[in-house]
Amino acid sequence: MKKILLSLTLVTLLAACKKSDRNNGTSSDGPIDDRNTGRAANALLSAGTYTSLQVEISYMPGYAPDAGALSRLNTFLQARLNKPGGITVTTRAIPAASNAVLSVSDLAAIEGANRTARSSGSTATIHILYTNGSYTESNVLGVAYRGTAVALFGKKIHDNSGGVGQASRTKLEATVLEHEIGHLLGLVDIGTPMQTPHKDPGGSAHCNNQNCLMYYAAETTDILGLLVTGSVPSLDAACINDLRGNGGR
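Per an unreviewed UniProt entry, the protein chain goes by Peptidase and derives from Flaviaesturariibacter amylovorans.

Next up, the structure:
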């Protein structure tokens, strides 16, 4: 039973990473909130236009963000973004979704009905939605689907963490959350140019380093072991150099 639970956690995490670069934006220009995934990267990373960042988290009943994962998110953003005006994270409860299965279009509609913060003036915003539904591809845990929007599938994360033989809630949620934010920051090569070649040769928006937060591959025993017994993966030097080259730290 333990091996089965571990395998399910791995499969679900991998599906989340593989499907994380969905797009629902309208262009690569214009308001950053409406751009395709990764195309707001420079605005989010640099202090050129936006000197501060507001992260707005909307969550459905029973799926409030894990406190440890949010603490890690704040540390992650502070370390990689140039925002001298500061970074704030707020959370608010919203009504549950009526549909058990949610498409990217559904997520965008829910965001539109509940998002209160839009990028303007000197403040950029990111909206993170924690849903009670599943994705149209049932093993997916999270998606980045436009320039400043991410969704996490709370029930899937709860079902695959915190139990015997599973990663802790904080580890799994933080891994998925930071990975999806990495896509908003243009990784890998979807808005933040590579400083050196390190993209997954499979053509996805992922790093080819198996120890990197932005890595995806069919065989990921190292990731499984790390999530169960070790720490949340970090960005490797190549991904960090990309972010620095696009206005980040």
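Participant: Lay out the side chain of Lys83 in plain terms, naming residues and giving numbers.
Facilitator: Mapped onto the fold, Lys83 is located in the loop between α3 (67–80) and β2 (86–93). Summary of buried charges: Lys83 has no salt-bridge partner, and the nearest side chain of opposite charge, Asp33, is 11 Å away. For Lys83, the residues in contact, after removing those within four places along its chain, are Ala43, Leu44, Leu45, Ser46, Tyr50, Thr51, Ser52 and Leu53.

Participant: An account of the pattern of salt bridges is requested, with residue identities and associated values reported.
Facilitator: Any two side chains of opposite charge can pair if their charged atoms end up close together. For the structure shown, the criterion picks out seven salt bridges. Each of Asp33, Asp34, Glu111, Arg115, Arg118 and Arg146 takes part in salt bridges that share partners, so that together they form one network.

Participant: Any details on the environment of His127? Residues and values, ideally.
Facilitator: Within the secondary structure, His127 is located in strand β4 (residues 123–131). Filtering out sequence-adjacent residues up to four positions away, His127 remains in contact with Glu56, Ser58, Glu111, Arg115, Thr148, Ala149 and Val150. A polar contact of 2.8 Å, which involves the side chain of His127, links it to the side chain of Ser58.

Participant: For the confidence of the model for the protein chain, give the residues involved together with the corresponding values.
Facilitator: One rule of thumb: low pLDDT means the predicted coordinates there are not for detailed reading. Averaged over every residue, the pLDDT of the protein chain is 86; the share at 70 or more is 83%. For residues 1–21, every residue scores under 50 in pLDDT, and the model assigns this stretch 51 contacts once sequence neighbours within four places are set aside. Counting interchain partners and residues more than four positions distant, the pLDDT-below-50 stretch residues 217–225 has 12 contacts.

Participant: I'd like to hear about helix α8 (residues 237–245), residue by residue, with values.
Facilitator: When we look at burial in α8, the residues that qualify are Ala238, Cys239, Ile240, Asp242 and Leu243. Looking at the buried positions of α8, the neighbouring elements they touch are α2 (41–45) and α3. Trailing α8 by a residue or two, Gly247 shows a phi angle of about 105 degrees, which is positive.

Participant: Got a sec to walk through α3? Specific residues and values, please.
Facilitator: Taking 1.5 Å of rise per residue, the 14 residues of α3 would be expected to cover 20 Å, and the 20 Å separating its terminal C-alpha atoms lies within 8% of that figure. Among the residues of α3, Ala69, Leu70, Leu73, Phe76, Leu77 and Arg80 are the ones counted as buried. In a view along the axis of α3, the buried residues occupy a sector of 120 degrees, so they form one face of it. In α3, the exposed positions that point more than 90 degrees away from the buried face belong to Ala67 and Thr75. The inward-facing, buried residues of α3 contact α2, β1 (52–59), β2, β4, α6 (169–184) and α8. Sitting at the head of α3, Asp66 places a side-chain oxygen 3.0 Å from the backbone nitrogen of Gly68.

Conventions adopted
Residues numbered from 1 in each chain as written. Predicted model: local features only at pLDDT ≥ 70, side-chain atom pairs only at ≥ 80, totals over all residues. Heavy atoms only, no water. Helix = DSSP H or I, 4+ residues; strand = E, 2+ residues; numbered from the N terminus. Buried < 20%, exposed > 50% of the residue type's maximum accessible area, 1.4 Å probe, protein only. Lys, Arg positive; Asp, Glu negative; His and termini not counted. Salt bridge = Lys/Arg side-chain N within 4 Å of Asp/Glu carboxyl O. Contact = heavy atoms within 4.5 Å. Polar contact = N/O pair within 3.5 Å; in protein donor to acceptor, adjacent residues only side chain to side chain. pLDDT = per-residue confidence, 0-100. Expected span 1.5 Å × (residues − 1). Arc of directions from axis to C-beta.

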